[in-house]
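Descriptive analysis of the structure
For reference, the chains in residue letters:
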Amino acid sequence: GDGRKKEFDIKIKCMIYLADTANIDEIKELFNYFPMEGVTTNPNILSHEQKSLSTVIPLIQECIKDKMLHIQTISHLAEDILQEAKRYRDYFNLGDNYYVKIPVTKEGYKAIRLVKDAGMKVTATAIFTQQQALIAAKAGADFVAPYVNRLDNISSHGIDVVRDIVETFKSYQLNCKVLGASFKNVDQIYRVSMVGCHAVTASYEVLDAIMKHPMTDKGVIDFEKDGKH
Ligand code: G3P
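Residues numbered from 1 in each chain as written. Predicted model: local features only at pLDDT ≥ 70, side-chain atom pairs only at ≥ 80, totals over all residues. Heavy atoms only, no water.

**Re the pairing of strand 3 (residues 68–72)**
Side chains on a regular strand alternate between the two faces of the sheet. Taken across its five residues, strand 3 has five buried, putting it largely inside the fold. Of the pairings in the sheet, the one linking strand 2 (residues 38–40) to strand 3 comprises three bridges and is parallel in character. Note that in strand 3 the partner of V39 across the bridge is L69. Here strand 3 pairs with strand 4 (residues 98–103) via four bridges, running parallel. Residue pairing in the sheet places Q72 in a bridge with K101 of strand 4. As for the winding sense of the linkage, the β-α-β connection from strand 3 through helix 4 (residues 78–91) to strand 4 is right-handed. (Buried < 20%, exposed > 50% of the residue type's maximum accessible area, 1.4 Å probe, protein only. Helix = DSSP H or I, 4+ residues; strand = E, 2+ residues; numbered from the N terminus. Pairing = 2+ DSSP bridges. Right-handed = clockwise from strand over helix to strand, strands pointing away.)

Structure (structure tokens):
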């Protein structure tokens, strides 16, 4: 029996925004004001909160309800990654909104298949090339997460990698979606949205910055002033 090929057809008509943070105040504010679709975490992000995973995940769940929750595994071997993913699923009572984030190491590629076989969804992460993304998608990943700013910082071009991955998935009609990650400025998000990136995950600071403009604030001040007459 092939429990595999449980296809989760994630329908994304327009780019979705996720919060790359485990800070509860930030998550609360973002989800209160903006059309957010989920939260992504990784060990770096969690270490900033000085709280254990078992404390922070339930708090995040409370804020985001059934929106997507991507939790990274830290095990090295494929079998251990699978066990870790199952542990989180069972301990936090995670459902269909749970995505197992797996870095694309050699063991990681194998783990993608194992986790999919076990009926869970996968976000392949720490992607730096089109080929890593294609192989992760073939292994069964539902999302791939290319690191845009980290590419830009080594004199590569995150935007080109994202565009290549989007085009590749389109031309081979793969169901896998591109979740752009690692953003440090507004322009990086603008550019990936212009090449059909399906989703982005960004920090509170970057998300806050993409939603405002000083001319909007000035316009509103002027409206208010004249509105008083
Ligand atoms: O989601 C990936 C992200 O957290 C990595 O971002 O800023 O550490 O490159 P950064």
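Moving on from the model shown.
**Focus on helix 9 (residues 186–194)**
Listed as buried for helix 9 are Q188, I189 and V192. Within helix 9, the buried residues cover an arc of 95 degrees as seen down the axis, which keeps them to one side. In the core, the buried residues of helix 9 are packed alongside helix 7 (148–152), helix 8 (158–171), strand 8 (199–202) and helix 10 (204–210). In this structure N185 caps helix 9, since a side-chain oxygen of it lies 3.1 Å from the backbone nitrogen of D187. Just beyond helix 9, the residue with positive phi is G196, at close to 85 degrees. (Arc of directions from axis to C-beta. Contact = heavy atoms within 4.5 Å. Polar contact = N/O pair within 3.5 Å; in protein donor to acceptor, adjacent residues only side chain to side chain.)

**As for the sheet that holds strand 5 (residues 121–127)**
With parallel pairing, the eight strands of this closed barrel are ordered in space as 1-2-3-4-5-6-7-8. Between one strand axis and the next, the sheet turns by 30 degrees as a mean value, whatever way the strands run. Strand direction decides the pairing type here: strand 7 (residues 177–180) and strand 8, joined by two bridges, are parallel. Directly across from G180, in strand 8, lies its bridge partner V200. Against the sheet, helix 4 contacts strand 3 and strand 4, and its axis sits at roughly 155 degrees relative to strand 4. This element, helix 6 (residues 130–139), spans strand 5 and strand 6 (143–146) of the sheet and lies at about 165 degrees to strand 5. (Axes fitted to C-alpha atoms, helices over the stretch in contact; angles between N-to-C directions.)

**Remarks on the layout of surface pockets**
In this structure, the largest pocket spans a volume of roughly 420 Å³. Looking at the lining of the largest pocket, the elements that each hand over two or more residues are helix 2 (43–49), strand 8 and helix 10. For the lining of the largest pocket, the leading source of residues is helix 2, giving four residues. Residues belonging to the lining of the largest pocket are distributed by class as follows: seven nonpolar, nine polar and seven charged. (1 Å grid on protein atoms, 1.4 Å probe; cavity = no way out; pocket = protein on both sides within 12 Å on 5 of 7 lines; lining within 4 Å. Points joined across faces, edges and corners; volume = space filled by probe spheres on them. Nonpolar A, V, L, I, M, F, W, Y, C, P; charged D, E, K, R; others polar.)

**Focus: the state of the cysteines**
Taken as a whole, this structure holds zero disulfides when the rule is applied. Free cysteine C14: the closest other cysteine sulfur is in C197, separated by 11 Å. (Disulfide = S-S within 2.5 Å.)

**Regarding the packing of aromatic side chains**
One pair of aromatic rings is described through two measures. These are the centre distance and the angle between the planes. Considering all chains together, one arrives at five aromatic pairs under this definition. Each ring, one from Y33 and one from F34, has its centre 6.3 Å from the other, and the planes form 50 degrees; the classification is tilted. What makes Y33 exposed here is its relative accessible area of 59%. Taking 5.0 Å as the distance between ring centres and 90 degrees as the angle between the ring planes, the aromatic pair formed by Y91 and F92 counts as edge-to-face. Residue class for F92 comes out buried when judged on its relative accessible area of 8%. (Phe/Tyr/Trp six-rings, centres within 6.5 Å; stacked < 30°, edge-to-face > 60°.)

**Quick look at the site of the ligand**
D20, N42, I45, Y147, R150, A181, S182 and K184 make up every residue found near the ligand. With respect to the ligand, the side chain of D20 contributes an N or O atom lying 2.7 Å from an oxygen atom. With the chains in place, 83% of the 310 Å² that the ligand exposes on its own is no longer accessible. Here the residues of the shell around the ligand sort into three nonpolar, two polar and three charged. (Near = heavy atom within 4 Å. Areas by Shrake-Rupley, 256 points an atom, 1.4 Å probe, with all protein chains shown as cover.)

**Regarding unusual backbone geometry**
Despite not being glycine, Q50 shows a phi value in the positive range, around 55 degrees. Positionally, Q50 belongs in the loop between helix 2 and helix 3 (53–64). Relative accessible area serves as the criterion here: at 74%, Q50 is assigned to the exposed category. Despite not being glycine, S155 has its phi angle at roughly 60 degrees, a positive value. Tracing the backbone through its elements, the reader meets S155 in the loop between helix 7 and helix 8.

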